[in-house]
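One-letter residues, chain by chain:
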Amino acid sequence: LFFLKKAFQRGIDLGFFMSGIVYYTSILIGNLSFLPAGIIVTESGMIAMLIKNNIEFSLATLVVVVIRFVGTWSLAIAGTIGYQILARKYSKIDN
């Protein structure tokens, strides 16, 4: 959170429309790659588009990693944990 706070203190503002273009275009490209969660392709696309909008590489990378972790991987981890809990609960009922 400290680094995200620093990013916003630097005055980075793509605007609502451009942020949507960057995010959804990279998600679409990642989905078309047929890789699980568009890994690597989505992140690379986001970073490239952010750099093209005059955001430095290190900051673009940080923002993309945080966005992808919060938006994709934290949900995947929560789903995996939930599945394990339910699988243990219902496997005891069958036996």
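Read on for an overview of the structure. (Residues numbered from 1 in each chain as written. Predicted model: local features only at pLDDT ≥ 70, side-chain atom pairs only at ≥ 80, totals over all residues. Heavy atoms only, no water.)

Below, the discussion takes up the environment of A76. With respect to the helices and strands, the residue A76 is situated in helix α4 (residues 57-94). The spacing of A76 and A37 is 39 residues in sequence and 10.0 Å in space, taken between C-alpha atoms. (Helix = DSSP H or I, 4+ residues; strand = E, 2+ residues; numbered from the N terminus.)

Attention shifts here to helix α2 (residues 16-32). Compared with an ideal rise of 1.5 Å per residue, which puts 17 residues at 24 Å, α2 spans 24 Å between its outermost C-alpha atoms and is within 8% of the ideal. When we look at burial in α2, the residues that qualify are V22, S26, I27 and G30. Looking straight down α2, one finds that the buried residues subtend no more than 115 degrees of arc, so they occupy a single side. Among the exposed residues of α2, those oriented more than 90 degrees off its buried face are F16, F17, Y24, L28 and L32. (Expected span 1.5 Å × (residues − 1). Buried < 20%, exposed > 50% of the residue type's maximum accessible area, 1.4 Å probe, protein only. Arc of directions from axis to C-beta.)

Before going further, it helps to examine the nonpolar core. Ranked by size, the top nonpolar core spans nine residues in total: V22, I27, M46, I47, L50, I55, L59, A60 and V64. Among the elements of the structure, α2, α3 (41-52) and α4 are those that each provide at least two residues to this core. Those residues in contact with V22 that sit more than four places away from it in its chain are L14, M46, M49, L50 and N53. (Core = buried A, V, L, I, M, F, W, Y, C linked by side-chain atoms within 4.5 Å. Contact = heavy atoms within 4.5 Å.)

Scanning the entire structure with this criterion turns up one aromatic pair. On the basis of an interplanar angle of 85 degrees and a centroid distance of 5.0 Å, the ring pair of Y23 and Y24 is categorised as edge-to-face. Its relative accessible area of 58% is what places Y24 among the exposed residues. (Phe/Tyr/Trp six-rings, centres within 6.5 Å; stacked < 30°, edge-to-face > 60°.)

So, on to the pattern of salt bridges. For the structure shown, the criterion picks out one salt bridge. For the salt bridge of R68 with E43, the shortest nitrogen-to-oxygen distance reads 2.9 Å. With a gap of 25 residues between them, R68 in helix α4 and E43 in helix α3 connect regions that are remote in the sequence. (Salt bridge = Lys/Arg side-chain N within 4 Å of Asp/Glu carboxyl O.)

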